[in-house]
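The chain contents come next:
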Amino acid sequence: MRQEASLRSGPLALTEPGPPERLKLFISYSRRDVRFVDRLVGALESRGFEVQIDRRDLPKLEDWERELLHFIQQCDTVVFIVSPASLASQVVHWEVEQVRLHGKRLAPVVIGEVDFSAIPTEISRINVIFFTDDSAFDLRADELAHALNTDVAWLKEHTRLGELARHWIDRGRRGDALIRGQDIDDATAWAARRPRDAPQVTETQHAFLAASRAAQLRQAKRRRQIQAAVGRRFGLCRVV
């Protein structure tokens, strides 16, 4: 959330905008690759990213699915560590499927010797960054940071609208959970200018925007009907 620092001088209060929100990353990985992941987390955080990583061993299937899904929903991009261990992990494959379903950007990072025929389709069609040469780690981290910082504003809005759309669904598609006014126009324009390599606008987001637009049109129609009824009544009173 953006913060504002209040600067007071006499009777006037001025506000100074704080730093912009950092891009939120979630790292999907196999526990066998934790040493590399720890190093990558430090490199990404030093380059200005907010990194989320799940280190817990949850006892029940529904627990880790719920927790991992929360991480994926809240992030702007999922960094997927492609390794022999991750390609053999059913948990990691489940995470990749959730990334697709929730329309999140995927950033694959390759470590070790991998069988590219075993890489999920969602990853194989994306340009990957190879961290296979340890002496070039910092150079590859710079390349990854540059790639991640592409289309940041569009991605942040994707995350925001995704959260609003899920809130609308969770509340039973109630009208008071919809967006209104200029926010609808801005969101519609955002969806129309999707960058070429950005994630898709999800079906839930499309439904949320359509419902918001429809609610706004209904409200405008009711307003016109009320105004017409008031006008007719006022005109009748004048005649009498």
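Located above this text is the structure these notes cover.
Residues numbered from 1 in each chain as written. Predicted model: local features only at pLDDT ≥ 70, side-chain atom pairs only at ≥ 80, totals over all residues. Heavy atoms only, no water.

**Things to note about the side chain of S212**
As a reminder of what qualifies: Each helix is a run of H or I in the DSSP string that is no shorter than four residues. Each strand is a run of E no shorter than two, and both are numbered from the N terminus. Should any heavy atoms of two residues lie within 4.5 Å, those residues are counted as being in contact.
Its location among the elements puts S212 in helix α9 (residues 203-239). Once residues lying within four places of it in the same chain are set aside, the contact partners of S212 are L178, I179 and I184.

**Digging into the packing of aromatic side chains**
What counts here: Here the aromatic set is Phe, Tyr and Trp, taking the six-membered ring for Trp, and pairing holds for ring centres within 6.5 Å; pairs whose planes are under 30 degrees apart are stacked, those over 60 apart are edge-to-face, and all others are tilted. A simple rule labels every residue: compare its accessible area, found with a 1.4 Å probe on the protein chains alone, to the largest value its type can have, and call it buried under 20%, exposed over 50%, or partly exposed in between. By definition here, charges over rings are those cases where NZ of Lys or CZ of Arg is within 6 Å of the ring centre and within 35 degrees of the ring normal.
Taken as a whole and judged by the stated rule, the model has six aromatic pairs. Centre to centre, the rings of F26 and F71 are 5.3 Å apart; their planes meet at 5°, and the pair counts as stacked. Of this pair, F26 sits in strand β3 (residues 24-28) while F71 is found in helix α2 (residues 61-74), placing the two residues 45 residues apart along the sequence. This pair shows no difference in class: F26 is buried, exactly as F71 is. Consider the rings of W168 and F208, whose centres lie 5.7 Å apart with planes at 55°: the pair is tilted. With W168 in helix α7 (residues 152-170) and F208 in helix α9, the pair connects residues that are 40 residues apart, well separated along the chain. With relative accessibility at 4%, the residue W168 sits in the buried group. Site record: aromatic cluster; members linked through ring pairs are F36, F131 and F137. Here the guanidinium or amino end of R39 rests over the ring plane of F137, the centre of that ring lying 3.9 Å away.

**Considerations on the layout of surface pockets**
For clarity, the threshold we go by: In this analysis the probe radius is 1.4 Å and the grid spacing 1 Å, with only protein atoms considered; a cavity is a set of points the probe fits into but cannot get out of, a pocket is an open set with protein on both sides within 12 Å along at least five of seven lines, and lining residues have an atom within 4 Å of a point. Grid points are joined across faces, edges and corners, and a volume is the space filled by probe spheres set on the points. Residue classes follow a fixed rule: Ala, Val, Leu, Ile, Met, Phe, Trp, Tyr, Cys and Pro count as nonpolar, while Asp, Glu, Lys and Arg count as charged, and any other residue, Gly among them, counts as polar.
Size it by volume and the largest pocket reaches roughly 1,000 Å³. Every residue lining the largest pocket is counted, 33 residues in all, and those nearest its centre are R105, L106, I126, D197 and A198. Within the residue set of the lining of the largest pocket, elements represented by two or more residues are α4 (90-101), β6 (105-110), α6 (137-148) and α9. Of the residues assigned to the lining of the largest pocket, the class counts are 17 nonpolar, six polar and ten charged.

**A look at the sheet that holds strand β7 (residues 129-130)**
Where we set the bar: The pairing criterion is simple: DSSP has to find at least two bridges between the two strands. With axes taken as lines fitted to C-alpha atoms, and helix axes fitted only over the stretch in contact, angles between N-to-C directions fall between 0 and 180 degrees.
Strand order in the open sheet made by the five strands is β4-β3-β5-β6-β7, with parallel pairing throughout. In the strand order of this sheet, the two ends are held by β4 (50-52) and β7, each with one partner. In this structure, strand β5 (residues 77-82) lies alongside β6, joined through six bridges in parallel fashion. Along β6, the bridge assignment pairs I81 with V109. Lying on the sheet, α6 is in contact with β3, β5, β6 and β7; it crosses β6 at an angle near 170°.

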